[in-house]
Amino acid sequence: MRAEPIMRGLRKAAERPNLYDAAHLSDTWEAMTTELKPPLSHEDAYIEAYRCLLCGGPHNPAPCTVACPADVDVAGFMEAIINGDPVTSAGIIASTNPLGGTCARVCPTEELCEGACVLNLQGQRPVDIARLQRYAMDQAEKVGDLLVPDKAPATGARVAVVGGGPAGMAAASRLAELGHGVEVFDAYSNTGGLVRAAIAPYRQVFDPLPTETSRLLELGVKFHLGAELTPEQVATLRDRYSAVILAIGMGEDSATGTPGSGLPGVWNSLPFIAAIKSGNFPEVGEHVVVVGGGNTAMDVAREAVRLGAAKVTVVYRRTREEMPAFWVEYEEAVEEGVEFAWLTNPIRYEGRGYLERVVCQRMELSEPDQSGRRRPVPLQGEELVVEAGTVVEAIGQRPRTSLLARVEGATFDSGRLVIDPFSGRIGTSAFFGAGDAVNGGATVVEAVRLGKIAAEGAHDFILERSSR
Ligand SMILES: Cc1cc2nc3c(=O)[nH]c(=O)nc-3n(C[C@H](O)[C@H](O)[C@H](O)COP(=O)(O)OP(=O)(O)OC[C@H]3O[C@@H](n4cnc5c(N)ncnc54)[C@H](O)[C@@H]3O)c2cc1C
């Protein structure tokens, strides 16, 4: 179902004589934005939903719902589609996931709901839950239904949310539903955080973020965009708000510190992707080398293929077994022609005025380290030189520790903001943490889950304070 549109997009990219010629830029954009999970027609949606066994019940949720961090009632929304009522279906989704349209496009469903679908056990293809969720949300959007839930009576309390990405949006949605006055602060001029800035355009460019934001506005949430708060401003929010949610995500790319990384042609992953998402495509060499083994590295490699690189190689210092990227991401990258060099680590970038080659060190695996994965160690004397015009380092992001330096009780463990897992609360303070800042970087739907927990935690905290 999915392979043909991808291949069409890739063929277009490969056929281009001059990628940066203005006449071909629209082709590049088309290749880059050809969706991996295109929308379903009414007929296909009905037929696909009909495959669902509607597992579970009030006291035994279906395996797909159990696997969904946002607790979406999959069987409930499938039944509404079967009954010809996609807007009701969308309402069921939105009632537990305010980013239901985004998640339908970006969730690693193979690892979550679709991976848990009982049809897998019968040797059948799982129900295409992601595309059915997208279908329902799209239909609601088409009829202009923002799916705004009922609001509890106003409590009079005001809550500040720092960060308008998925965690902040989910927290703001829930807090507004509970009757609190909510104000979201974000450094970007738009909502969505990394969804807008980093998620691969062949999954999602911007839509449906504007609709998801409109829903929050309808709920009464106020946004202060383009408002980058200082550590001092974050710490003193407590003086003006009953509670503060910190949904600040992770910071810039971690750097490998490889000598020569100042050469033109050497990129960090986030600026590389941000350039692509804004349509200012980075000019790539014939051979693009991507450093890293996570999902971001897979995205960058697949984006480089779409940019028209003749060859894309991911270099990773361990092996496939230790690589943190999801299997499906790896397999799809291989399907699109990405090559992998295992047990290989760049030690120098070289070139006269521009990157020309990457000098790599061969590695071997020794004893397991703190992460439980076997530690890569250099194989002395085993170097190889890889000709490449572009290298993109994608080895993870740095935590924003300094932003929270003045927040009462804020501590980090291995770069993750420490919270109470049941309430999101930071120590005994009025601050609550959510999203990537807490888990070190995961998925949109995990950020939604943590945003909801922090909102409930802040709500309980406010009620408790007001009943004293
Ligand atoms: C390259 C890449 C690809 C990804 N692809 C996927 C995918 O396909 N599917 C998926 O589910 N997940 C994906 N993810 C992960 C997903 O994007 C994140 O897990 C999710 O966005 C985390 O949400 P968040 O709200 O915690 O943080 P973010 O989305 O990072 O949002 C944090 C917000 O806080 C704001 N902020 C930070 N500091 C300040 C400050 N001082 N003042 C004001 N505002 C501030 C930022 O501007 C930002 O908008 C990807 C991540 C990356 C890096």
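Preceding this paragraph is the structure being described.
Residues numbered from 1 in each chain as written. Predicted model: local features only at pLDDT ≥ 70, side-chain atom pairs only at ≥ 80, totals over all residues. Heavy atoms only, no water.

Chemist: Could you clarify how one ought to interpret helix H12 (residues 209–218) in this entry?
Modeler: A turn of α-helix holds 3.6 residues, and therefore any two residues three or four places apart point the same way. All of the buried residues along H12 are Leu-209, Glu-212, Thr-213, Arg-215 and Leu-216. For H12, the angular spread of the buried residues around the axis is 150°, confining them to a single face. On its buried side, H12 packs onto helix H6 (86–96), helix H7 (100–106), helix H10 (166–177), helix H11 (194–197) and strand E3 (222–225). Looking one or two places after H12, you find Gly-220, whose phi comes out positive at around 100°. (Buried < 20%, exposed > 50% of the residue type's maximum accessible area, 1.4 Å probe, protein only. Helix = DSSP H or I, 4+ residues; strand = E, 2+ residues; numbered from the N terminus. Arc of directions from axis to C-beta. Contact = heavy atoms within 4.5 Å.)

Chemist: Help me understand the side chain of Glu-322 in this model?
Modeler: Along the chain, Glu-322 turns up in the loop between strand E7 (311–315) and helix H16 (327–335). Here Glu-322 sits buried without a salt bridge, and the closest side chain of opposite charge, Arg-374, lies 5.6 Å off (N-O distance). A distance of 2.5 Å separates polar atoms of two side chains, one belonging to Glu-322 and the other to Thr-319. (Lys, Arg positive; Asp, Glu negative; His and termini not counted. Salt bridge = Lys/Arg side-chain N within 4 Å of Asp/Glu carboxyl O. Polar contact = N/O pair within 3.5 Å; in protein donor to acceptor, adjacent residues only side chain to side chain.)

Chemist: Looking at this structure, how should I read the site of the ligand?
Modeler: Inspection of the region around the ligand gives 33 residues, with Val-106, Asp-186, Leu-194, Leu-229 and Asp-436 positioned closest. At a separation of 3.2 Å, an oxygen atom of the ligand approaches a polar backbone atom of Pro-166. Here an oxygen atom of the ligand and a backbone polar atom of Val-444 are 2.9 Å apart. Relative to its unbound accessible area of 1000 Å², the ligand is 94% covered by the protein chains. Those elements that place two or more of their residues in the shell around the ligand are H10, strand E2 (181–186), helix H14 (269–277), helix H15 (295–306) and helix H18 (444–466). In terms of residue class, the shell around the ligand is built from 19 nonpolar, eight polar and six charged. (Near = heavy atom within 4 Å. Areas by Shrake-Rupley, 256 points an atom, 1.4 Å probe, with all protein chains shown as cover. Nonpolar A, V, L, I, M, F, W, Y, C, P; charged D, E, K, R; others polar.)

Chemist: What is the right way to look at the sheet that holds strand E11 (residues 374–387) in this model?
Modeler: Hydrogen bonds between backbone atoms are what pair the strands of a sheet, whose relative direction is either parallel or antiparallel. The strand order across the open sheet built from three strands is E9-E10-E11, with neighbouring strands paired in antiparallel fashion. Whereas interior strands pair on both sides, the edge strands pair on one side only; in this sheet they are strand E9 (344–350) and E11. Put simply, the sheet's adjacent strands are angled 20° from each other on average, direction ignored. Note that E9 and strand E10 (residues 357–368) share six bridges and pair antiparallel. Residue Pro-346 lies in a different strand from E10, and its bridge partner there is Cys-360. (Pairing = 2+ DSSP bridges. Axes fitted to C-alpha atoms, helices over the stretch in contact; angles between N-to-C directions.)

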